[in-house]
Amino acid sequence: MSTTVTAEQFLARSIRLATANVLNSGGPFGAMIVTADGRAFDGVNRVTADNDPTAHAEVTAIRTACRELGTFDLSGAILYTSCEPCPMCLASALWARVDKVVFAADRHDAASVGFDDAVFYEYFDNQDRDSLMPVSKLVLDDPEAPAPLEPFNTWNTLETRIDY
């Protein structure tokens, strides 16, 4: 009898996590980070339960894995998630160096039940994105103000820094 857990089993677990989380005051999303050596770390959506808009299932799984593994680098890991990740979750997976993302339901399935994040996907493709949320650079004219590059220059001279 094989004890190897398949991708389908990990994905099924992420769906079960999502369903159980709904019954525990959470959102209908579940995720798992599975390392190259098979260690698995669960995450569920706690946005409304914790009043934390960043507490998406994928992000909580990444946070748990990084904390328990003692690293910010999840190279070799796979993210299994009950639903297609939003742009924030995709960016988090990229920052964590996750190798691959596997999902069950897609963004259109989520939108059909009220979880529509199309505006966030469109934000990055939209030339008129300032109409949703303006993002701009401000030049500091005050000669007493710190130089914008000061943090980077300090970082570059710090021998104890940890590059990421």
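Everything numeric in this text was worked out from a predicted model, so none of it was measured.

Observations concerning the pairing of strand β4 (residues 100-105)
As judged from the five bridges shared by strand β3 (residues 78-83) and β4, these two strands associate in the parallel manner. Bridging from a neighbouring strand, Tyr80 pairs with Val102 of β4. Remark: the β3/helix α4 (residues 87-95)/β4 crossover connection has right-handed handedness.

A few points about the UniProt feature "domain: CMP/dCMP-type deaminase" (unreviewed entry) in the chain
On the UniProt side, "domain: CMP/dCMP-type deaminase" (unreviewed entry) is annotated at positions that read residues 5-115 here. End-to-end, the C-alpha atoms of residues 5-115 are 30 Å apart, and along that stretch the chain is 42% helix and 20% strand.

A look at the layout of surface pockets
Roughly 560 Å³ of volume is contained in the largest pocket. For the largest pocket, the lining is made up of 26 residues, of which His56, Cys86, Pro87, Asp117 and Phe120 are closest to its centre. When residues in the lining of the largest pocket are grouped by element, the largest group, four residues, is from α4. Classifying every residue of the lining of the largest pocket by side-chain character gives 17 nonpolar, four polar and five charged. One number sums up the size of the second largest pocket: a volume of about 190 Å³. Ala18, Pro28, Phe29, Ser82 and Ala105 are the residues nearest the centre of the second largest pocket, which is lined by 14 residues in total.

Structural notes on the packing of aromatic side chains
In this structure the tally under the stated criterion is two aromatic pairs. When the centroid spacing of 5.0 Å and the interplanar angle of 90° are considered together, the rings of Phe29 and Phe115 count as edge-to-face. One end of the pair, Phe29, is in the loop between α1 (7-22) and β1 (30-34); the other, Phe115, is in the loop between α5 (107-111) and α6 (118-125), with 86 residues separating them in the sequence. The exposure class of Phe29 is buried, given its relative accessible area of 14%. Given a relative accessible area of 38%, Phe115 falls into the partly exposed group. A cation sits over an aromatic face here: Arg107 above Tyr121, 3.7 Å from the ring centre.

Reading the values: rules and limits
- Residues numbered from 1 in each chain as written.
- Predicted model: local features only at pLDDT ≥ 70, side-chain atom pairs only at ≥ 80, totals over all residues.
- Heavy atoms only, no water.
- Pairing = 2+ DSSP bridges.
- Helix = DSSP H or I, 4+ residues; strand = E, 2+ residues; numbered from the N terminus.
- Right-handed = clockwise from strand over helix to strand, strands pointing away.
- UniProt positions renumbered as here; feature names shortened; annotations may be inferred.
- 1 Å grid on protein atoms, 1.4 Å probe; cavity = no way out; pocket = protein on both sides within 12 Å on 5 of 7 lines; lining within 4 Å.
- Points joined across faces, edges and corners; volume = space filled by probe spheres on them.
- Nonpolar A, V, L, I, M, F, W, Y, C, P; charged D, E, K, R; others polar.
- Phe/Tyr/Trp six-rings, centres within 6.5 Å; stacked < 30°, edge-to-face > 60°.
- Buried < 20%, exposed > 50% of the residue type's maximum accessible area, 1.4 Å probe, protein only.
- Lys NZ or Arg CZ within 6 Å of the ring centre and 35° of its normal.

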